[in-house]
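Secondary and tertiary structure notes
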Amino acid sequence: MKKKNIFNILSGLLLLSVVSCQSKLEDLYLDPDGFTDPTIEGFYTNTQQQLGVFRYSYGEMFHNFNTLNPILGSGGFQNDGAPSSFAWVHDPYGDAYSKLRSYAAMQQLYNTLPAQDKKDYEIFMWTGAAVKEYIYHQLTDICGDVPYSKAMQGAELNFTPEFDKQSDIYPAMLANLKEISTNLKGYTLNGSFIQQQFPRNDVYFNGDITKWRIFVNSLRMRLGLRLTNVMPQLAKSTIQEVLADDVYAKDRATSITLVDRQPDRAMELLIFRSLSERLTLRLFVPANMLNLMRKPGFANDPRIPVLFQPDKDGNYSAMPTEAPDVAAIAGQITTNNLAATYPSFFNRTTFERNFGMPYQIITSSEIHLLKAEAKLRWPDLTITAADEYRAAIKESIDIYYEINALNPDQLYPGYIPASKATKPSDAVINTFLDQKVAEFNAAAGTEKIGLIYDQRYIHYNMLKPYELWADTRRLMKELGARVRKAPSNIRMMERTVYPTSEELNNPANFQAVKAANNYTTPVWWTGR
């Protein structure tokens with residue numbers, strides 16, 4: 001993957017301000033109707049269209065499967081027992097600043113507008129800023145301290161921004177998101193030509209202001225929970241504020257999902273190609289996950305047939321976790337015929353070949369689990385933890401059956417009829433849910449949080465590595481090995497390193513982060 005760095009990105013942004021806009025900006029924006037124009041509307045749409053923001057991109061997920069699946073135990077692989085080394089080919093640092101380039105250009109144009117135009121464009125700027133914070137939260141979760149407050153200021157000739165501390169970035173992001181949510185509350189589009197263009201240029205939500213508030217407030221809750229180890233009062237107050245506002249992802253209708261508008265290019269550009277290319281190497285059913293879903297004394301988890309597909313014998317089998325156990329079945333492992341493998345893979349109908357799959361940005365299941373954990377930490381919250389836990393599992397079952405049913409393709413090579421699953425009856429699902437709630441209620445102490453983590457592990461699986469990785473690192477201080485699903489020879493990667501170009505191009509400011517430029521120093525919010 002090509003390395004990018006802030007110096008090059010900011011240099012490019014400066015050029016935008018001093019050369020012909022028509023000649024230099026055309027390549028940066030393709031609007032929904034196929035026209036190019038250096039406008040705020042154009043940069044806004046381009047900010048949303050960046051691969052890897054909401055849509056899971058091919059290159060990024062290819063390398064995530066290689067690196068994060070073994071670390072998180074979220075994808076089975078033929079573990080040879082060798083001590084793990086860190087080699088994440090993906091460059092999330094340069095990638096994030098590249099995604100932010102159009103927003104920075106948008107801000108630059110906005111600053112030149114007369115007052116009335118600024119008023120009309122404020123909805124573009126507010127919602128664009130929400131996307132900016134979404135990108136930054138993933139970046140700082142991965143790298144720790146990063147340029148934030150002074151970043152992307154090439155037009156001001158600031159090519160060497162300082163690295164903000166994560167302990168400053170998180171409160172700033174939460175404050176910005178709170179302000180955006182407040183601005184959007186009760187907001188309606190006026191009749192100006194500019195504002196009437198907003199729904200057309202809003203690729204995500206088609207101008208639905210309520211949906212934007214749901215996204216922003218749900219993101220506030222996610223970021224708030226990150227702070228349980230380091231700023232618990234801010235974590236609690238953030239969640240309380242959103243609960244009082246009562247606008248967030250509560251159910252399937254309010255879950256934040258996105259269906260790509262170009263399914264004909266999905267295999268070329270998006271996660272489906274990485275699923276196809278990593279299938280036989282990183283996407284066997286992981287034993288730790290299947291074991292959680294098939295516990296002795298419990299009904300089988302109804303999600304098994306939609307998350308996984310049967311093996312050559314019609315069974316759901318898992319790749320063992322530890323190397324000696326993998327070696328013991330080595331002679332049985334077969335992947336030559338994708339319709340008759342051993343062990344089982346993740347369900348190809350649900351995932352790999354499902355080009356209409358909704359991308360799960362922030363679902364109600366995530367928020368229900370978040371609320372359940374919040375209640376355990378702050379008993380005075382008006383939440384019933386067991387009810388949230390139950391709702392999280394139920395709505396996870398619902399969305400994965402929905403996704404599986406969306407795929408009409410039964411002709412792809414290696415198709416297995418059993419991969420197209422029939423949803424169990426409500427009675428069957430409720431029996432399972434009753435058992436899970438009883439287990440949760442009977443759990444003592446921090447084991448309840450451990451059970452919540454297990455449901456995140458299943459719900460996120462290999463599809464949402466960043467969120468699973470963040471929750472694993474956050475809870476390791478409190479739960480230790482309880483949240484480690486990886487083989488014993490795979491070390492936890494706590495963060496990634498900065499591109500080497502940063503030390504070369506921004507040496508003075510880089511000194512502040514040089515000591516943490518490794519894979520093993522925990523980021524600030526872990527509290528470790």
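Scroll up to find the structure.
We now turn to the structure provided with this report.

**Focus: the overall build of the chain**
When you go through the chain residue by residue, the secondary structure sums to 24 helices and 2 strands. Taking all 528 residues of the chain together, 59% fall into the buried category. The contacts in the chain between residues at least 6 apart in sequence include a share of 78% that link residues at least 24 apart. Total accessible area on the chain is roughly 19800 Å²; 53% of this is exposed by carbon and sulfur atoms. The positive charge centre, built from 55 side chains, and the negative charge centre, built from 57, are 3 Å apart in the chain.

**Comments concerning helix α8 (residues 166-184)**
Helix length check: α8, at 19 residues, gives a terminal C-alpha distance of 27 Å against a target of 27 Å (1.5 Å per residue), a fit within 8%. Every buried residue of α8 is listed here: Gln-166, Ile-169, Tyr-170, Met-173, Leu-174, Leu-177, Ile-180, Ser-181 and Leu-184. Angularly, the buried residues of α8 cover 130° about the axis, an arc narrow enough to put them on a single face. Buried positions along α8 lie against α7 (115-143), α11 (209-225) and α12 (232-245). One or two positions beyond α8, positive phi appears at Gly-186, with a value near 75°.

**Notes on the environment of Tyr-58**
Residue placement: Tyr-58 occurs in helix α4 (residues 58-72). Residue Tyr-58 is classed as buried on the basis of its relative accessible area, which comes to 19%. Residues Tyr-58 and Leu-270, 212 residues apart in the sequence, show an inter-C-alpha distance of 4.3 Å. With residues up to four places along the chain from it excluded, the contact list for Tyr-58 reads Glu-268, Leu-269, Leu-270, Ile-271, Arg-273, Ser-274 and Glu-277.

**Structural notes on the packing of aromatic side chains**
In total, this model carries 34 aromatic pairs according to the counting rule given. Centre to centre, the rings of Tyr-204 and Trp-212 are 6.2 Å apart; their planes meet at 40°, and the pair counts as tilted. On the basis of relative accessible area, Trp-212 is assigned to the buried category, the value being 0%. When the centroid spacing of 6.2 Å and the interplanar angle of 55° are considered together, the rings of Phe-205 and Phe-215 count as tilted. On the criterion of sequence distance, the pair formed by Phe-205 in the loop between α10 (198-201) and α11 and Phe-215 in helix α11 is long-range, its members being 10 residues apart.

**Digging into the pattern of salt bridges**
Counting across every chain of the model gives 39 salt bridges. The residue Glu-439 makes a salt bridge to Lys-436 at a minimum N-O spacing of 3.1 Å. Of the two residues, Glu-439 and Lys-436 are both situated in helix α20 (residues 426-442); the distance of 3 residues between them amounts to about one turn of the helix. On the basis of relative accessible area, Lys-436 is assigned to the buried category, the value being 4%. For Lys-514, the salt bridge identified is with Glu-503, shortest N-O distance 3.1 Å. Separated by 11 residues along the polypeptide, Lys-514 in the segment after α24 (507-510) and Glu-503 in helix α23 (residues 500-505) bring together distant segments of the chain. By relative accessible area, which is 41% here, Lys-514 ends up partly exposed.

**Describing the environment of Ala-340**
Here Ala-340 shows up in the loop between α17 (323-328) and β2 (359-362). Put simply, Ala-340 and Gly-314 are 26 residues apart on the chain and 8.7 Å apart in space, counted from C-alpha to C-alpha. The residues touching Ala-340, leaving out its near neighbours within four places in the chain, are Lys-312 and Thr-334.

**Details of helix α14 (residues 271-282)**
Helical periodicity: at 3.6 residues per turn, an α-helix aligns residues three or four positions apart in one direction. In this model α14 runs just 14 Å from its N-terminal to its C-terminal C-alpha over 12 residues, more than 12% under the 16 Å that 1.5 Å per residue would give. What α14 keeps buried is the set Ile-271, Phe-272, Ser-274, Leu-275, Arg-278 and Leu-279. Down the axis, α14 shows its buried residues gathered within 150° of arc, on one side only. On its buried side, α14 packs onto α4, α13 (266-269) and β2.

**Observations regarding the nonpolar core**
Of all hydrophobic cores here, the largest spans 155 residues; its most connected members are Trp-212, Phe-215 and Ile-271. In terms of residue count, the dominant contributor to this core is α7 (14 residues). Once residues lying within four places of it in the same chain are set aside, the contact partners of Trp-212 are Tyr-44, Gln-48, Thr-127, Ala-130, Val-131, Leu-184, Phe-198, Asp-202, Tyr-204 and Phe-205.

**Considering the packing of helix α3 (residues 40-49) against α7**
Remark: α3 packs on α7, axes separated minimally by 10 Å, with the N-to-C direction vectors making an angle of 25°. With respect to their mutual orientation, α3 and α7 come out roughly parallel. When you trace α3 past α7, the crossing you get is left-handed. Only Tyr-121, Phe-124, Thr-127, Gly-128 and Val-131 of α7 make contact with α3, whose side of the interface consists of Ile-40, Glu-41, Tyr-44 and Thr-47. Classifying every residue of the contact of α3 with α7 by side-chain character gives 5 nonpolar, 3 polar and 1 charged.

**Focus: the packing of helix α19 (residues 385-406) against α20**
For the pair α19 and α20, the least separation of the axes is 10 Å and the interaxial angle reads 145°. Where α19 crosses over α20, the handedness of that crossing is right-handed. Along its contact with α19, which presents Ala-385, Ala-386, Tyr-389, Arg-390, Ile-393, Lys-394 and Ile-397, the element α20 presents Ile-429, Asn-430, Phe-432, Leu-433, Asp-434, Lys-436, Val-437, Phe-440 and Asn-441. For the contact of α19 with α20, the per-class residue count stands at 10 nonpolar, 2 polar and 4 charged.

**Points about unusual backbone geometry**
Negative phi characterises most residues that are not glycine, and trans characterises most peptide bonds. Residue Pro-343 follows Tyr-342 across a cis peptide bond; omega there is -5°. Locating Pro-343 in the fold gives a position in the loop between α17 and β2. A positive phi angle, close to 60°, is found at Met-152, a residue other than glycine. Checked against the element boundaries, Met-152 lands in the loop between α7 and α8. Look at Asn-461: it is not a glycine, yet its phi comes out positive at around 40°. With respect to the secondary-structure elements, Asn-461 resides in the loop between α21 (447-460) and α22 (465-479).

Conventions adopted
- Residues numbered from 1 in each chain as written.
- Predicted model: local features only at pLDDT ≥ 70, side-chain atom pairs only at ≥ 80, totals over all residues.
- Heavy atoms only, no water.
- Helix = DSSP H or I, 4+ residues; strand = E, 2+ residues; numbered from the N terminus.
- Buried < 20%, exposed > 50% of the residue type's maximum accessible area, 1.4 Å probe, protein only.
- Contact = heavy atoms within 4.5 Å.
- Areas by Shrake-Rupley, 256 points an atom, 1.4 Å probe, with all protein chains shown as cover.
- Lys, Arg positive; Asp, Glu negative; His and termini not counted.
- Charge placed at Lys NZ, Arg CZ, Asp CG, Glu CD.
- Expected span 1.5 Å × (residues − 1).
- Arc of directions from axis to C-beta.
- Phe/Tyr/Trp six-rings, centres within 6.5 Å; stacked < 30°, edge-to-face > 60°.
- Salt bridge = Lys/Arg side-chain N within 4 Å of Asp/Glu carboxyl O.
- Core = buried A, V, L, I, M, F, W, Y, C linked by side-chain atoms within 4.5 Å.
- Axes fitted to C-alpha atoms, helices over the stretch in contact; angles between N-to-C directions.
- Parallel < 35°, antiparallel > 145°, perpendicular 65-115°, else oblique.
- Left-handed = near helix turned anticlockwise from the far one by under 90°.
- Nonpolar A, V, L, I, M, F, W, Y, C, P; charged D, E, K, R; others polar.

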